[in-house]
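Coordinates in review
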Amino acid sequence: MSEVRQGILAMVVACLTWGLVPLFYKQLEHIPPIEILAHRTIWSAVIFVGVLLFQGRLKLLGEALLSRRTVVVVAAAAFLISFNWYFFIWSVANDKATEASLGYFLFPLVAVLLGRVVFREQLQRLQWISIGIALFAVVLLTAGLGVAPWIALALSTTFGLYGLIKKGLSIGPVVSVTAEVIVLVPIATVILWFAHGDGQGAFGADVKDSVLLVLSGALTATPLILFSFATKRVALSTIGLVQYLNPTLQFFCAVVIFGEPFGVWHGIAFPLIWIALALYSFAALRQEKAASKVDSSVARSSTT
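Residues numbered from 1 in each chain as written. Predicted model: local features only at pLDDT ≥ 70, side-chain atom pairs only at ≥ 80, totals over all residues. Heavy atoms only, no water.

Some points on the overall build of the chain
A tally of helices and strands in the chain yields 12 helices and 0 strands. Listed by position from the N terminus, the elements making up the chain come as α-α-α-α-α-α-α-α-α-α-α-α. The C-alpha atoms of the chain give 20 Å as radius of gyration, which agrees with the globular expectation for 304 residues (19 Å, within 12%). Counting only C-alpha atoms, the chain reaches 70 × 55 × 40 Å along its principal axes. Looking at the chain residue by residue over its 304 residues, the buried ones come to 44%. Of the contacts made within the chain by residues no fewer than 6 positions apart, 84% connect residues no fewer than 24 positions apart. (Helix = DSSP H or I, 4+ residues; strand = E, 2+ residues; numbered from the N terminus. Rg over C-alpha atoms; globule rule 2.2 N^0.38 Å. Buried < 20%, exposed > 50% of the residue type's maximum accessible area, 1.4 Å probe, protein only. Contact = heavy atoms within 4.5 Å.)

Concerning the confidence of the model for the chain
Confidence in the prediction for the chain averages 86 pLDDT; 92% of positions are at 70 or higher. For the chain, per-element mean pLDDT is lowest for helix 10 (residues 236-243), which scores 69, and highest for helix 2 (residues 33-55), which scores 93. (pLDDT = per-residue confidence, 0-100.)

So, the state of the cysteines
Enumeration over the complete set of coordinates arrives at 0 disulfides. Free cysteine: C15, not disulfide-bonded; nearest cysteine sulfur from C253 at 14 Å. The buried category is assigned to C15, whose relative accessible area is 0%. Judged by relative accessible area, which is 0%, C253 ranks as buried. (Disulfide = S-S within 2.5 Å.)

Considerations on the nonpolar core
Within the largest apolar cluster, 39 residues are counted, with the highest numbers of intra-cluster contacts made by Y25, L28, I36 and F88. Looking at this core, the elements with two or more residues in it are helix 1 (3-26), helix 2, helix 4 (68-93), helix 5 (97-119), helix 7 (150-166), helix 8 (173-197), helix 9 (207-231) and helix 11 (245-257). Excluding its chain neighbours within four sequence positions, the residues that come into contact with F88 are V21, P22, Y25, A100, Y104, L155 and Q250. Core analysis: the second largest hydrophobic core is formed by 22 residues, A134, A137, V138 and Y280 among them. (Core = buried A, V, L, I, M, F, W, Y, C linked by side-chain atoms within 4.5 Å.)

Some words on the packing of helix 4 against helix 5
Where helix 4 meets helix 5, the axes come as close as 8 Å, and the angle between the chain directions of the two elements is 145 degrees. Taken as a pair, helix 4 and helix 5 cross one another with a handedness that is left-handed. In contact with N84, F88 and S91 of helix 4, helix 5 contributes A97, A100 and Y104. By residue class, the composition of the contact of helix 4 with helix 5 is 4 nonpolar, 2 polar and no charged. (Axes fitted to C-alpha atoms, helices over the stretch in contact; angles between N-to-C directions. Left-handed = near helix turned anticlockwise from the far one by under 90°. Nonpolar A, V, L, I, M, F, W, Y, C, P; charged D, E, K, R; others polar.)

Section: unusual backbone geometry
For D95, which is not glycine, the phi torsion reads 55 degrees and is therefore positive. Overall, D95 belongs to the partly exposed group, its relative accessible area being 47%.

Focus on the pattern of salt bridges
Taken as a whole and assessed by the stated rule, the structure comprises 3 salt bridges. E29 is the partner of K26 in a salt bridge, and the nearest nitrogen-oxygen pair spans 3.5 Å. Taking the relative accessible area as the measure of exposure, E29 reaches 39% and is therefore partly exposed. Two residues, K166 and E180, come together in a salt bridge whose shortest N-O distance is 2.8 Å. Of this pair, K166 sits in helix 7 while E180 sits in helix 8, and the two are 14 residues apart along the sequence. Among the residues examined, E180 registers a relative accessible area of 2% and is labelled buried. Three or more residues joined by partner-sharing salt bridges are found here, namely K26, E29 and D95. (Salt bridge = Lys/Arg side-chain N within 4 Å of Asp/Glu carboxyl O.)

Here we look at helix 6 (residues 125-145)
Residues lying three or four places apart along an α-helix face the same way, a consequence of the helix completing one turn every 3.6 residues. The first and last C-alpha atoms of helix 6 sit 30 Å apart over 21 residues, in line with the 30 Å expected at 1.5 Å per residue. After helix 6 finishes, the residue G146 shows a positive phi value of roughly 80 degrees. (Expected span 1.5 Å × (residues − 1).)

A few points about a nonpolar patch on the surface
On the surface, L145, V147, W150, V264, W265 and I268 cluster together to form a nonpolar patch covering roughly 610 Å² of accessible area. With 3 residues, helix 12 (residues 264-303) is the single largest residue contributor to the nonpolar patch. With respect to the helices and strands, the residue W265 is situated in helix 12. (Patch = residues over 30% accessible without salt bridge, like charges linked within 9 Å, V, L, I, M, F, W, Y side chains within 5 Å. Areas by Shrake-Rupley, 256 points an atom, 1.4 Å probe, with all protein chains shown as cover.)

Here is the structure:
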């Protein structure tokens, strides 16, 4: 199997895992989300450290944490991703998985908008149109339901800001994520200490719950490692398209399996978001194709 095919397969498996993970967290809905988050942090830290140790790259983690600037950036990223994880776990436990899927549909458009605001990146007309349609869909959904889709906005914004901050890190993705969960481990430990202090902690009280809490670490680490593997082998446009598999499966889990309500306003807003994503994807593909042509012409001119 070629490296590109390996990368695509890794990306598909990662997105399948992310897309179907609501089924996993639904099994833990009786446990406080903050407690699940603490276990997810600690067990994923164990796996990430183990992976770096196996790869002989653990020293890179130590070197990264010696830089004050890196620690500050890692800490900021860590808190953003922890909020994102918490909102997602909470949404599944509180029958808001449909709204969570909306958040991950919105994320690419939020990322583009943040790139424009922070880095002054130039946007094509289709990209502006896609952002406008998405904003209109959110306003329409807010007006129709009488409340803003806060979970969707929180998930897309925290993940967008997380990606923005990660741009300032020169260390690799696996090392940076390991550093992030290491930063969060002391807080997670305190949370579990309080949870078990009054005898209400879930871990150890039930075998099934305990096993699932440990597995939450693997479900966090594995797709991230696969995603890192894929990004080094697959074109960004392909990654962007395959990533839509994640919120699509989350949407399927929420509406079809969990039976969450999907009313008229959802039926209007979601197709608008999908149209916006289709326009954005088309613009991104066209932009990447144009860039590859420029690179090819430059390469040809340099050889003549």
